[in-house]
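Chain by chain, the residues:
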Amino acid sequence: MDGMTAPPVFSAHDLVAFTPPGSPRTYRLAPLTYRERIAFRTALAREAGMRPSPQDVSNGLRTALREIAPTNLDEALAVVDDADAVREAVDAAPDDAALKAKLAEAQARLAVIITACMDVPVYAELRAAGERWTGMAPWVACRHALRGWEGPGLPTFQRDKGLVPETLLDAMPASEIAAVGLRAFLLVSLDRSAEGNSAAPSPSPGTPTPSPEG
C-alpha cells in the first residue's frame, strides 16, 4: 500500500476510476459513507481477523529465538533490534534512499532468522494472522467499495444488499483483486477533507503485498 496516492475526495458519492497497471479493465470505486465504513470495518474484522503490528511480529520473533536458543542468540536478537530501528527510521523518512538501502540489507539479514523460526508456534501464528489479513483485506474492500467495472472478461456488474456478490468477485483476476482492493482501502482510509497523497496502513513485516501505482 505504500506510495499509493489518489485524487482529492470531497464526497462519499464521488467515484474514482482505477485501472490496474497493464490491465485493459477499469474499476469504479467509492470512498464509502460513514455507515458503509462501519460495515466495512466490521466485515474486515470478521473476514481478515486482527492484523499483527510490526512490533507484535518482532516480539514474536524474539520469543521464538529464545525458544530455539541458538548458540548466537545475542547476535540474532541484535539483528532483530537493528531491523526494527531501521524500519522505524524509514517510516519517519520514507524518501531517504540511503535508509531504504540500509533497510534492504537489514531485511536480508533478518530473513535468515525468520527462516530458522518459521515453525516455532508463537511466530508461525503471527505470520499466519498477517498473511490472512493481507490476503483478505483487499477482497473485503472490493466487496464494499466497487461500484462498477468495464473491460474484457468481466460479467455484468451488480451489487446485492450493498455488496458485490462473492461469486462475482471470482470473475476478477486475482492480481487485480489485490490492486483494486488496495486502492479501495486507500479511499476508505481518506478523511473527507483529505487532499489526496495519503497512504493506507502498511501490512505486517514478512507479508509482502503488491504496491500498485496509477
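Notes on the structure in this doc start here. (Residues numbered from 1 in each chain as written. Predicted model: local features only at pLDDT ≥ 70, side-chain atom pairs only at ≥ 80, totals over all residues. Heavy atoms only, no water.)

1. Here we look at the overall build of the protein
Helices and strands together make up the secondary structure of the protein, namely 7 helices and 3 strands. Each helix (α) and strand (β) of the protein, taken in turn from the N terminus, gives the series β-β-α-α-α-α-α-β-α-α. Expressed as a percentage of its 214 residues, the buried residues of the protein come to 43%. Sequence separation of at least 24 residues holds for 68% of the intrachain contacts in the protein that already meet a minimum separation of 6. Accessible area for the protein stands at about 11,100 Å²; split by element, carbon and sulfur atoms hold 54% of it. (Helix = DSSP H or I, 4+ residues; strand = E, 2+ residues; numbered from the N terminus. Buried < 20%, exposed > 50% of the residue type's maximum accessible area, 1.4 Å probe, protein only. Contact = heavy atoms within 4.5 Å. Areas by Shrake-Rupley, 256 points an atom, 1.4 Å probe, with all protein chains shown as cover.)

2. A few points about the sheet that holds strand E2 (residues 26–29)
Here 3 strands make up an open sheet; going across it, the order is E1-E2-E3 and the pairing antiparallel. Edge positions in the open sheet fall to strand E1 (16–18) and strand E3 (146–150), since each of these has one partner strand only. Taking the axes of each pair of neighbouring strands and ignoring which way they run, one obtains an average angle of 25 degrees across the sheet. Bridge analysis of E2 against E3 gives 4 bridges, and the strand direction is antiparallel. Across the sheet, the residue bridging to Arg28 is Gly148, located in E3. Against the sheet, helix H7 (residues 174–189) touches E1, E2 and E3, its axis set at about 25 degrees to E2. (Pairing = 2+ DSSP bridges. Axes fitted to C-alpha atoms, helices over the stretch in contact; angles between N-to-C directions.)

3. Let's talk about the pairing of E2
Bridge count for E1 against E2 is 3 bridges, and the pairing is antiparallel. Residue Ala17 lies in a different strand from E2, and its bridge partner there is Arg28.

4. Quick look at helix H4 (residues 97–117)
For an α-helix the count is 3.6 residues per turn, leaving residues at separations of three or four pointing the same way. Its 21 residues give H4 an end-to-end C-alpha distance of 30 Å, which sits within 8% of 30 Å, the value for a rise of 1.5 Å per residue. The largest bend in H4 amounts to roughly 25 degrees and is located at Leu110. Residues of H4 that are buried: Leu99, Leu103, Ala106, Leu110, Ile113, Ile114 and Cys117. At the N-terminal boundary of H4, the capping side chain belongs to Asp96, with an oxygen 3.0 Å from the backbone nitrogen of Ala98. (Expected span 1.5 Å × (residues − 1). Bend = angle between axes of the 7 residues up to and from the residue. Polar contact = N/O pair within 3.5 Å; in protein donor to acceptor, adjacent residues only side chain to side chain.)

5. A short note on the packing of aromatic side chains
Evaluated as defined, the whole model comprises 4 aromatic pairs. An angle of 85 degrees between the planes, with centres 5.7 Å apart, marks the rings of Phe40 and Phe185 as edge-to-face. Remark: Phe185 occurs in helix H7 and Phe40 occurs in helix H1 (residues 34–48); sequence separation between them is 145 residues. As far as the burial class goes, Phe40 and Phe185 line up, both buried. (Phe/Tyr/Trp six-rings, centres within 6.5 Å; stacked < 30°, edge-to-face > 60°.)

6. Some remarks on the environment of Ala85
Along the chain, Ala85 falls in helix H3 (residues 73–92). The exposure class of Ala85 is partly exposed, given its relative accessible area of 43%. Along the backbone, Ala85 and Ala106 are 21 residues apart, and their C-alpha atoms lie at a distance of 9.7 Å.

7. Description of the pattern of salt bridges
As enumerated under the stated definition, the model contains 8 salt bridges in all. Where Glu150 meets Arg28, a salt bridge forms, and the shortest distance between an N and an O atom there is 3.6 Å. Here Arg28 lies in strand E2 and Glu150 lies in strand E3, a separation of 122 residues in the sequence. Take Glu150: its relative accessible area is 48%, and that puts it in the partly exposed class. Taking the shortest distance from any N to any O, the salt bridge between Asp82 and Arg109 comes out at 2.8 Å. One end of the pair, Asp82, is in helix H3; the other, Arg109, is in helix H4, with 27 residues separating them in the sequence. Taking the relative accessible area as the measure of exposure, Asp82 reaches 28% and is therefore partly exposed. Relative accessible area serves as the criterion here: at 40%, Arg109 is assigned to the partly exposed category. Overlapping salt bridges, with partners in common, bring together Arg62, Asp81, Asp84 and Arg87 in one network. (Salt bridge = Lys/Arg side-chain N within 4 Å of Asp/Glu carboxyl O.)

8. Side note on unusual backbone geometry
Most peptide bonds take the trans form, and the phi angle of most residues other than glycine is negative. Its identity is not glycine, yet Leu32 carries a phi of approximately 80 degrees, on the positive side. In this structure, Leu32 sits in the loop between E2 and H1. With a relative accessible area of 1%, Leu32 lands in the buried category. Phi is positive for Lys161, which is not a glycine, with a value near 55 degrees. If you trace the backbone, Lys161 turns up in the loop between E3 and helix H6 (166–169). What makes Lys161 exposed here is its relative accessible area of 81%.

Note that every value here comes from positions in space, so none of it alone points to a role or purpose.
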